[in-house]
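Listed below, chain by chain, are the residues.
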Amino acid sequence: MLHDNRTFLRAFLRSPQVVASVIPSSSFVERRVVRAADVSRAGVVVELGGGVGGITRSLLQAMGPQARLLVIERTDRFVEVLKRIDDSRIEIVHGCASSIVAQLARRKRPAADAVVSGIPFSTMPKALGAEIISAVHDALAPGGRFVAYQLSDRVVRYARPLLGEPAIEYEFRNVPPLRIFTWHKAGSPRKSNGI
Ligand SMILES: C[S@@+](CC[C@H](N)C(=O)[O-])C[C@H]1O[C@@H](n2cnc3c(N)ncnc32)[C@H](O)[C@@H]1O
């Protein structure tokens, strides 16, 4: 835990725009995000920006035994930490969230039932933010959920044209306090978990 916090702080000092937070999300955020993503019947879940893996582990706990979790993380030091998670359902990709559709296609997964994102939309170039949201929309199955936990509401500006208005929750027991935005893609969810 302390070691993870140090790893996180070091990564923030190296790339503040990319890491965007000095410590990992609190257990309160983890619980709220996992509840919002509702992954218990999901077949394929994607996490964007896993960091040192707190939300990653909570997602795995909530997911079924046949489900798959694909984590796309841009910071190499975090990729090393995430690769230590010993669970056959997880795969870690070192890359940018914008590659989500290509990464699913490479694994012959047609779509994600849920996408959970901690990447900082407020500090990235606008073109990249718009590209990532468009890719998330394309990657989601009908009825799929997109959950983004953020300090700023910049993500809403990117997502509104494609996904409409989000449900918003607040979690103050975190540094910094965060909002949790949840969207549902139009359409009915798949009946089986797609595996
Ligand atoms: C605020 S931290 C959240 C980390 C962790 N999920 C948590 O809740 O503690 C943002 C994370 O997004 C990653 N990240 C930032 N931009 C990214 C991108 N374009 N693609 C993938 N990961 C990205 C960072 O490396 C960092 O791990």
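Keep in mind that what you see is a predicted model, and the values were worked out from it rather than measured.

## Thoughts on the overall build of the protein chain
Each helix and strand counted, the protein chain has 8 helices and 7 strands in total. Relative to the 2.2 N^0.38 estimate, which gives 16 Å for 195 residues, the radius of gyration of the protein chain is 15 Å and therefore close to what a compact globule would have. Structurally, the protein chain occupies a C-alpha span of about 45 × 35 × 30 Å along its principal axes. The buried share among the 195 residues of the protein chain stands at 50%. In the protein chain, the share of contacts with a sequence separation of at least 24, taken over all contacts with a separation of at least 6, comes to 70%. In the form shown here, the protein chain has an accessible surface area of approximately 9,600 Å², with 53% of it arising from carbon and sulfur atoms. If the 28 positive side-chain charges of the protein chain are averaged to one point and the 17 negative ones to another, these points end up 1 Å apart.

## Describing the nonpolar core
If you look at the biggest cluster of nonpolar residues, it comprises 30 residues, and the most contacted ones within it are V46, L48, I100, V115, F146, V155 and W183. Of all the secondary structure elements, the ones that give two or more residues to this core are β1 (44-48), β2 (68-73), α6 (100-106), β4 (112-117), α7 (126-139), β5 (140-150), α8 (154-163) and β7 (178-184). A total of 6 residues in this core trace back to one element, the largest contributor, which is α7. Non-local contacts of W183, meaning those with residues more than four positions away in its chain, are made with G144, R145, F146, A148, V155, V156, A159, L163, G164, E165 and P166.

## Looking at α8
Every buried residue of α8 is listed here: R154, V155, V156, Y158, A159 and L163. The elements touched by buried residues of α8 are α7, β5 and β7. Among the residues trailing α8, G164 stands out with phi positive, at a value near 80 degrees.

## Concerning the sheet that holds β1
With mixed pairing, 7 strands are arranged side by side in an open sheet as β3-β2-β1-β4-β5-β7-β6. Two strands in the sheet have a free side with no partner beyond their single neighbour: β3 (90-94) and β6 (167-171). Averaged over all neighbouring strand pairs, the angle between strand axes comes to 15 degrees, with direction disregarded. By the bridge criterion, 4 bridges tie β1 to β4 in an arrangement that is parallel. Bridging from a neighbouring strand, L48 pairs with S117 of β4. Strand contacts of α7: β1, β4 and β5, with the helix running at about 145 degrees to β5, the strand carrying the most contacts.

## A closer look at the site of the ligand
Looking at the ligand, there are 24 residues lining it, with S25, G49, E73, T75 and Y149 nearest. One of the side-chain N or O atoms of S25 is found 2.5 Å from an oxygen atom in the ligand. With respect to the ligand, the backbone of G51 contributes an N or O atom lying 3.4 Å from an oxygen atom. Out of a free accessible area of 600 Å², the ligand has 95% covered by protein chains. Among the secondary structure elements, those contributing two or more residues to the shell around the ligand are α2 (16-19) and β2. Partitioning the shell around the ligand into residue classes produces 13 nonpolar, 8 polar and 3 charged.

## Some points on unusual backbone geometry
What you tend to see is this: most non-glycine residues have negative phi, and most peptide bonds are trans. Cis geometry is adopted by the peptide bond preceding P176, which originates at V175 and carries an omega value of -5 degrees. Look at A20: it is not a glycine, yet its phi comes out positive at around 65 degrees. Of note, A20 is situated in the loop between α2 and α3 (27-37). The phi dihedral of K108 falls on the positive side, at around 60 degrees, and the residue is not glycine.

## Focus: a nonpolar patch on the surface
Where nonpolar side chains cluster on the molecular surface, the patch consists of L9, L13, V22, I23 and V175 and spans about 410 Å² of accessible area. Structurally, L9 is set in helix α1 (residues 2-14). Classification of L9 by relative accessible area gives partly exposed; the value is 38%.

How each quantity is defined
- Residues numbered from 1 in each chain as written.
- Predicted model: local features only at pLDDT ≥ 70, side-chain atom pairs only at ≥ 80, totals over all residues.
- Heavy atoms only, no water.
- Helix = DSSP H or I, 4+ residues; strand = E, 2+ residues; numbered from the N terminus.
- Rg over C-alpha atoms; globule rule 2.2 N^0.38 Å.
- Buried < 20%, exposed > 50% of the residue type's maximum accessible area, 1.4 Å probe, protein only.
- Contact = heavy atoms within 4.5 Å.
- Areas by Shrake-Rupley, 256 points an atom, 1.4 Å probe, with all protein chains shown as cover.
- Lys, Arg positive; Asp, Glu negative; His and termini not counted.
- Charge placed at Lys NZ, Arg CZ, Asp CG, Glu CD.
- Core = buried A, V, L, I, M, F, W, Y, C linked by side-chain atoms within 4.5 Å.
- Pairing = 2+ DSSP bridges.
- Axes fitted to C-alpha atoms, helices over the stretch in contact; angles between N-to-C directions.
- Near = heavy atom within 4 Å.
- Polar contact = N/O pair within 3.5 Å; in protein donor to acceptor, adjacent residues only side chain to side chain.
- Nonpolar A, V, L, I, M, F, W, Y, C, P; charged D, E, K, R; others polar.
- Patch = residues over 30% accessible without salt bridge, like charges linked within 9 Å, V, L, I, M, F, W, Y side chains within 5 Å.
- Salt bridge = Lys/Arg side-chain N within 4 Å of Asp/Glu carboxyl O.

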